Amino acid sequence: MKIVAVTACPTGIAHTYMAAEQLEKTARKLGHSIKVETQGAMGIENKLTEDEINSAAVAILAVDIAIEESERFDHIRKIKVPVQAAMKNPEAIFAQI
Amino acid sequence: MPLDLSFSCPLPNGVHARPASALEEVARSFTADVLLLNQRTGRSANAKSILSIVGADIRFSDPCLLKISGLDEERALVALGAFIRNTLPRQETALPTFATATGELQLPRCLEKSGAVFRRGTAVVPGIAQGRIVRAGGFNVPDGLPMDGITDVLAEQRRVGDALDELIAWYGRRASAAGKGIESDLLVAHRSLARDEELRTCLFEAITTRQRTAAGAIADAEARFTKILAASENPLLRERVLDVRDVCAQLLQRVYGDATATRSLTLGEDSIVVADSLTPCQFLFLDCRFLKGLVLAEAGTTSHTVILARSFGVPTLVGVEKIDGLADNAEAVLDADIGALVTNLTDTAQRYYSMERQRLDGRQAVLRNFSGKRATTRDGHAIEIAANIATVEEADRAFAAGAEGIGLFRTEMLFLDRAAAPDEAEQHEIYHRVIEAADGCPVIVRTMDIGGDKALSYLNLPPEHNPFLGYRAMRIYRHFESLFRTQVRALVRASAYGELRLMLPMVSTLEEIRWAKKIIAEEQDRCAAESKPFDKAMQIGTMVEVPSAAFALNDFCREVDFFSIGSNDLLQYFMAVDRTDSRIASLYNPLQPGFLRLLKQIVDTARANKKWIGLCGEMGGQKGYLPLLAGLGLDEISVSAPAIGGLKAELSRLDLADCQQLFASALGCATADEVGALLDKFSAQHSLPLLAPEMIVINADAATKEEAIKRGVDLLYIHGRTEQPRAIEEAIWQREATYSTGFGHGFAIPHCKSGAINANSLVVLKFSQPVPWNSLDEKPVRVVILMAIRESDGASEHMKIISALARQVTHESFRDSIEQEQDPARLCALIKSKIGC
């Protein structure tokens, strides 16, 4: 399955990137293809294109703060979780798909 | 027929010492008896006695009655009526609030639940001290002084009466010498207590009716009045207990001589000395080996003592609350960092302060690596780092801290708080000792900067409207020529022993220099005629602290050998700002581009004339300004001893060319903020590596998460990566409040962005005993990787590395390799290789 995701934590120093890594690892393990955009202290990295979002089955938003350009996800199914959930039990998020 | 005057108390804080003293002033100018009756309590008081008035415990809106009877009762009624209507309501305004700490005490996390007792105060000298509470000052009848059994009642009364008169006169003289201000107010208040009718009556009665000696009578009076005041519900009155004590102590000293003075205090173990007030002489008499901390109730009267405490590095608090409840000999910590005196030291508190000692000692140990070396930039350019001192005792401390010379010996301290100026022999001895301590290094002695705010009773200088712009320093020398000659002669003679340089303060015109040089030459001729040895080539220089000097420097260069920029006064005069006025203090900013251009002009002029130039103001002691000052092109920077090691360490990381470029760019800035931003950027580019072996601890020890975070942040402080560890701790805890950074597997990554961090930093702590962390998997933590990032850093190189590290720690293999490696250097290399830095 094609999945897109965004991670963003309050300081943008650590958990944004840890959560991204967790989602990528877990997706690989479960045989999904995933692209994770990070919105942290360095701004938006690995930015999702419109095409990538439109062709994805679901968007996982592991965010603790309001993200930038959230309107991009208006027309796609979303699973919104706290960053902690992506850290603690990422497989549970994928189970919701 | 007595006349009545009724009123209700208009003062929100009640009739405390100040309004009582004002009422007493009016009442005592009439012969009529004036009785003050508090109709709420039924207590009556003699209105000619402050002690009696305050004893009536009059509170806001209490109904009161004045009963006036005597020959001039009608005139007294008119005067007292006017006083009650016009003067009394205004007595509320001038309460001294300067030394009272306000706001909540912000405790570090480790101490929040420690159970220790904290008394707030205002820190005036930083540091942390532990020791037993020893009271100085105050009132104490020495053992062996008889208290009873006198036979000649009249003689004893005369003895006490004469001493009291002497004391009243002395307070009066001191008060007028002190000019206007808190010191003078306090002395006037003490004088009022000393001449209080109740006090005299009480003393005489004790002698007549109970055959008490002077000592016994004074002790009784002290006990009686402090009891009345201490029982008051008004905190302002309770504070006056200390005043009564002080007056009684002074009186005792006048009757029996210096044997009873507070100076006889001796310290036998590590001590925190607690005093109402302490004179510089009393301070210097305390045994420095055991004097670990100082707590003063009053700061305004003891500013010179505070300066001394600062130069000796004795942590000091002023205005500490509830000081009377302190038990003598109790173990306490004076923590100037949090601004409190701490007692009831529980295990948690003891652990905290043992960590604090490790933090402070750790920093010292790092700095000691530099103290023995010459201060140079990384590319080998030397800038002398010298010390500012005020007493001979400080010289040794300064050289032990790595001073390469004395850049400023402020001699005015030798002249203050004494009955007469020190003579030539005494001064000569002091200068000689400083030169000996310098052991060949240069010693710049600044001739006395007296007058203005530093008045001397024996000079009888009248109080000034605007002391900083007035009759002080160099400007008084002509009038007090013999005083100046004596100092010059002592210095000329001392020049025989080493590299002594004489510096003139507050020079604003060429004529002043010429006049002083003439006196110096005459004194040198006299020494030659008397065959006394001296250095004919003794250098003469001036302070550059008046803006006019900066623009006359070319001419000055023909007359003098060197200059030292007094940045405090120069900035104050240049910006026309009194930095003690909080409303305008922000203008007092050495980063003002105009000020930097002024500095540049001064240094360039000195350079063009091949004159040596240093800087001896507070600006020099702040590490953050060092790149600018190095770029400015100074030969020397002179600072207080504790700052020397840090400056040397910082200088060793800078390249001169970079600093010069920075200074040139700063000159082009339009605002102080722009200069600040430039300086920030510079320090980010020239900072320490993100991770270094010294930032890794293998067998760390912490009982709690609070302690673990403190350990990590303390390491940042020890290695000069922050000057404000508590601000960083707080930022980390704020982040921790959103959710725990213990992400499981025995790992935690506490982190923050903070303006208080100088260099982006990683700290790795591996704990010998796991630390509870309320982690996501609820397991304790064995490894902490702490990340502290500068506030201003966005998409920097360092952030990329940090994000790579954050991704890495989610991998078991990375965590395993960290857990297995037990050598800091190898662990550092391992982490760096994994995250690409």
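Residues numbered from 1 in each chain as written. Chains lettered and ligands numbered in written order. Predicted model: local features only at pLDDT ≥ 70, side-chain atom pairs only at ≥ 80, totals over all residues. Heavy atoms only, no water.

Draft legend 1. Local environment of the overall build of chain A. Helix and strand content of chain A: 4 helices and 5 strands. Along the chain direction, N to C, the helices and strands of chain A fall in the order β-α-β-β-α-β-β-α-α. Out of the 97 residues belonging to chain A, those deemed buried represent 52%. A total of about 4,300 Å² of accessible surface is found on chain A, and carbon and sulfur atoms cover 47% of it. (Helix = DSSP H or I, 4+ residues; strand = E, 2+ residues; numbered from the N terminus. Buried < 20%, exposed > 50% of the residue type's maximum accessible area, 1.4 Å probe, protein only. Areas by Shrake-Rupley, 256 points an atom, 1.4 Å probe, with all protein chains shown as cover.)

Draft legend 2. Region of the structure containing the overall build of chain B. Regarding its fold elements, chain B presents 30 helices and 26 strands. Burial analysis of chain B (837 residues in total) assigns 56% to the buried set. Contacts spanning at least 24 positions in sequence make up 71% of the contacts within chain B whose residues lie at least 6 apart. When the accessible area of chain B is evaluated, it comes to approximately 34,400 Å², of which 50% is carbon and sulfur surface. (Contact = heavy atoms within 4.5 Å.)

Draft legend 3. Inspection of the pattern of salt bridges at higher detail. Residues and elements named next belong to chain B. By the definition in use, this model includes 58 salt bridges over all chains. For Arg446, the salt bridge is made with Glu412, and the minimal N-O distance between the two is 2.7 Å. Remark: Glu412 occurs in the loop between strand S14 (406-410) and helix H15 (424-438) and Arg446 occurs in strand S15 (residues 443-446); sequence separation between them is 34 residues. What makes Arg446 buried here is its relative accessible area of 5%. (Salt bridge = Lys/Arg side-chain N within 4 Å of Asp/Glu carboxyl O.)

Draft legend 4. Up close: the packing of H15(B) against helix H16 (residues 481-494) of chain B. Residues and elements named next belong to chain B. At a minimum axis separation of 8 Å, H15 and H16 run at an interaxial angle of 40°. One finds that H15 runs oblique with respect to H16. For H15 against H16, the interelement crossing comes out right-handed. Listed contacts from H16 to Glu424, Gln427, His428, Tyr431, His432 and Ile435 of H15 are Thr486, Gln487, Arg489, Ala490, Leu491, Arg493 and Ala494. Per-class residue counts for the contact of H15 with H16 are 5 nonpolar, 5 polar and 3 charged. (Axes fitted to C-alpha atoms, helices over the stretch in contact; angles between N-to-C directions. Parallel < 35°, antiparallel > 145°, perpendicular 65-115°, else oblique. Left-handed = near helix turned anticlockwise from the far one by under 90°. Nonpolar A, V, L, I, M, F, W, Y, C, P; charged D, E, K, R; others polar.)

Draft legend 5. Fine view of the environment of Thr348(B). All names here are of chain B. With respect to the helices and strands, Thr348 occurs in helix H13 (residues 347-371). Residue Thr348 is classed as partly exposed on the basis of its relative accessible area, which comes to 33%. Distance from Thr348 to Gly115, taken between C-alpha atoms, is 8.1 Å for residues 233 residues apart in sequence. Those residues within four positions of Thr348 in sequence are excluded, and the remaining contacts are Cys110 and Ser114.

Draft legend 6. Broad picture of the interface of chain B and chain A. Across the contact, 25 residues belong to chain B and 22 residues belong to chain A. Summed over both sides, the interface of chain B with chain A buries roughly 2,000 Å², with 69% coming from carbon and sulfur. Linking chain B to chain A there are 2 salt bridges. Between Arg807(B) and Glu24(A) there is a salt bridge; the shortest N-O distance is 3.4 Å. (Buried area = accessible area lost by both parts, 1.4 Å probe.)

Draft legend 7. Examining the pairing of strand S26 (residues 781-790) of chain B more closely. Residues and elements named next belong to chain B. Judged by how many residues are buried, S26 sits mostly within the fold: 9 of 10 residues are covered. With 7 bridges joining them, strand S25 (residues 761-771) and S26 adopt antiparallel strand pairing. Bridging across to S26, Leu765 finds its partner in Val784. (Pairing = 2+ DSSP bridges.)

Draft legend 8. Inspection of helix H25 (residues 672-685) of chain B at higher detail. Residues and elements named next belong to chain B. Between its first and last C-alpha, H25 extends 20 Å over 14 residues, near the 20 Å set by a 1.5 Å rise per residue. Of all the residues in H25, the buried ones are Ala672, Val675, Gly676, Leu679 and Phe682. What you see down the axis of H25 is that its buried residues fit within an arc of 125°, all on one side. Set apart from the buried face of H25 by more than 90 degrees, the exposed residues are Asp673, Lys681 and Gln685. Where H25 is buried, its residues meet helix H21 (593-608), helix H22 (626-632) and helix H24 (656-667). (Expected span 1.5 Å × (residues − 1). Arc of directions from axis to C-beta.)

Draft legend 9. Seen up close, the sheet that holds strand S4 (residues 58-63) of chain A. Residues and elements named next belong to chain A. One open sheet accounts for 5 strands, arranged S3-S2-S1-S4-S5; its pairing is mixed. The sheet is open, and its two borders are formed by strand S3 (43-45) and strand S5 (78-81), each paired with just one other strand. For this sheet the average axis-to-axis angle between neighbouring strands, irrespective of direction, equals 15°. The sheet contact formed by strand S1 (residues 2-8) and S4 spans 6 bridges and is parallel. If you follow Val4 over to S4, its bridge partner there is Ala59.

Draft legend 10. Inspection of the sheet that holds strand S16 (residues 500-504) of chain B at higher detail. All names here are of chain B. With respect to topology, 8 strands assemble into a closed barrel ordered S13-S14-S15-S16-S17-S18-S19-S20, the strand pairing being parallel. For this sheet the average axis-to-axis angle between neighbouring strands, irrespective of direction, equals 25°. Here S15 pairs with S16 via 4 bridges, running parallel. When the sheet's bridge partners are listed, Arg446 is paired in S16 with Met503. Contacts between helix H23 (residues 644-651) and the sheet are confined to strand S13 (384-389) and strand S20 (636-639), with S13 contributing the most and set at about 165° to the helix.

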